[in-house]
Amino acid sequence: MSHAPPRIVIRNTRPDDFPSIIELSRQVYPFGPPYNAIQLASQQRIFPEGQFVAIDASSQHVAGMAATLIVRWDDYDMQTNWRDFTDNGMFTNHDPVRGRTLYSAELMVSPARQRQGIGSRIYEARLALVKRLGLLRVRAGGRLRNYHRYADRMSAEEYVIKVIRGELHDPTLSYQLKCGYHVLAVVPNYLPKDTESLGWVAIIEWINGEVAKPDDYAGRDARFDAPDELRQQG
Ligand SMILES: CC(C)(COP(=O)(O)OP(=O)(O)OC[C@H]1O[C@@H](n2cnc3c(N)ncnc32)[C@H](O)[C@@H]1OP(=O)(O)O)[C@@H](O)C(=O)NCCC(=O)NCCS
């Protein structure tokens, strides 16, 4: 049976989207508290052009969303958790004057609408923003969503290396690698309540080749390089 692809419109988030986003976060992250309207209003007020929703054109439902802010990376380190990178979802640390890194605080698609290309459409809109603002890169903590199935057999780092080599599939990290992200580090306690990743994330980056200098690629850990045949443009 073939399904017609949904007609999806990507636009910036508006206050009337908040109830749908809150419900979406409840469905996607049943193990933690959902977003609340105070956080979403703060994100939208502080950096409106960095907040995106994917709208199903026929039903007008919110099928996905992304939330981003600009950070000055030197103010943080690889071990920083989601709460500190986002000021607990309030984005008051947004620093468009000194920052060159678009931090992806959230990207989620309704469970019923995943694997239909919606995440990729939001991802494209985000990259267009990075290019328009002349930012150096996108960084994010990519949840190791299937790690709970392997945690009794291997470390999170071994798991990530197997996903990079294509020996294991992770619904979040495999997708991000396919989108051209590179793993910088594997970090615990990023989302302590996440029962799927057990709190572990891969810190990932995508570099804007239009503005990057060779030094911006330096310091990458070769253990996290993709095999040549799987390597993406970044
Ligand atoms: C990660 C996430 C945002 C991806 O969104 P999505 O809309 O499913 O993404 P896409 O549909 O663009 O791509 C997902 C996969 O579907 C495939 N796909 C896309 N369109 C497809 C289609 N029409 N038919 C079949 N497969 C398709 C993609 O190639 C990709 O494959 P991969 O998993 O092998 O890499 C989504 O899975 C999600 O919300 N996860 C839970 C929240 C989360 O973990 N977010 C990330 C926080 S770090």
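On a predicted model such as this, the values are computed, not experimentally measured, just so you know. (Residues numbered from 1 in each chain as written. Predicted model: local features only at pLDDT ≥ 70, side-chain atom pairs only at ≥ 80, totals over all residues. Heavy atoms only, no water.)

Helix 2 (residues 37-46) packs onto helix 1 (residues 18-28) with a crossing angle of 120 degrees between their chain directions and a minimal axis gap of 10 Å. With respect to each other, helix 1 and helix 2 are oriented oblique. For the pair helix 1 and helix 2, the sense of crossing is right-handed. Contact with helix 1, carried on its side by Phe18, Ile21 and Ile22, involves Ala37, Leu40, Ala41 and Gln44 of helix 2 and no other residues of that element. A breakdown of the residues in the contact of helix 1 with helix 2 according to their chemical character gives 6 nonpolar, 1 polar and no charged. (Axes fitted to C-alpha atoms, helices over the stretch in contact; angles between N-to-C directions. Helix = DSSP H or I, 4+ residues; strand = E, 2+ residues; numbered from the N terminus. Parallel < 35°, antiparallel > 145°, perpendicular 65-115°, else oblique. Left-handed = near helix turned anticlockwise from the far one by under 90°. Contact = heavy atoms within 4.5 Å. Nonpolar A, V, L, I, M, F, W, Y, C, P; charged D, E, K, R; others polar.)

Residues in contact with the ligand amount to 21 residues; listed here are only the nearest, Leu107, Gly117, Gly119, Ser120 and Arg143. One of the backbone nitrogen or oxygen atoms of Leu107 is found 2.8 Å away from a nitrogen atom of the ligand. Interatomic distance of 2.5 Å between a side-chain N/O atom of Ser120 and an oxygen atom of the ligand. With the chains in place, 77% of the 940 Å² that the ligand exposes on its own is no longer accessible. Residue classes in the shell around the ligand are distributed as 7 nonpolar, 10 polar and 4 charged. (Near = heavy atom within 4 Å. Polar contact = N/O pair within 3.5 Å; in protein donor to acceptor, adjacent residues only side chain to side chain. Areas by Shrake-Rupley, 256 points an atom, 1.4 Å probe, with all protein chains shown as cover.)

A separate point is the pattern of salt bridges. A complete count under the given rule lists 17 salt bridges for this structure. For the salt bridge of Arg98 with Asp95, the shortest nitrogen-to-oxygen distance reads 2.9 Å. Take Arg98: its relative accessible area is 48%, and that puts it in the partly exposed class. Classification of Asp95 by relative accessible area gives buried; the value is 13%. Arg223 is the partner of Glu157 in a salt bridge, and the nearest nitrogen-oxygen pair spans 2.5 Å. Residue Glu157 is found in helix 5 (residues 156-164), and its partner Arg223 is found in the segment after strand 7 (201-207); the two are separated by 66 residues along the sequence. (Salt bridge = Lys/Arg side-chain N within 4 Å of Asp/Glu carboxyl O. Buried < 20%, exposed > 50% of the residue type's maximum accessible area, 1.4 Å probe, protein only.)

What follows concerns the environment of Gly209. Tracing the backbone shows Gly209 in the segment after strand 7. By relative accessible area, which is 52% here, Gly209 ends up exposed. For the pair Gly209 and Ile55, spaced 154 residues apart in the sequence, the C-alpha separation amounts to 30 Å.

Attention now moves to the sheet that holds strand 3 (residues 62-71). Across the sheet, which stays open at both edges, the 7 strands sit in the order 1-2-3-4-5-7-6 with mixed pairing between neighbours. Taken across any chain shown, the strands that pair with only one partner, and hence form the sheet edges, are strand 1 (8-12) and strand 6 (182-187). The mean angle between the axes of side-by-side strands here comes to 25 degrees, regardless of whether they run parallel or antiparallel. Each of strand 2 (51-56), strand 3 and strand 4 (101-109) touches helix 1; the most contacted strand, strand 3, lies at about 95 degrees to it. (Pairing = 2+ DSSP bridges.)

Looking now at helix 2. Residues of helix 2 that are buried include every one of Gln39, Leu40, Ser42 and Gln43, and no others. Seen from one end, helix 2 has its buried residues packed into an arc of 160 degrees, which puts them on one side. Set apart from the buried face of helix 2 by more than 90 degrees, the exposed residues are Ile38 and Arg45. In this structure, the buried side of helix 2 is in contact with helix 1, strand 2 and strand 3. The N-cap of helix 2, judged by a side-chain oxygen 3.0 Å from the amide nitrogen of Ile38 a few residues on, is Asn36. (Arc of directions from axis to C-beta.)

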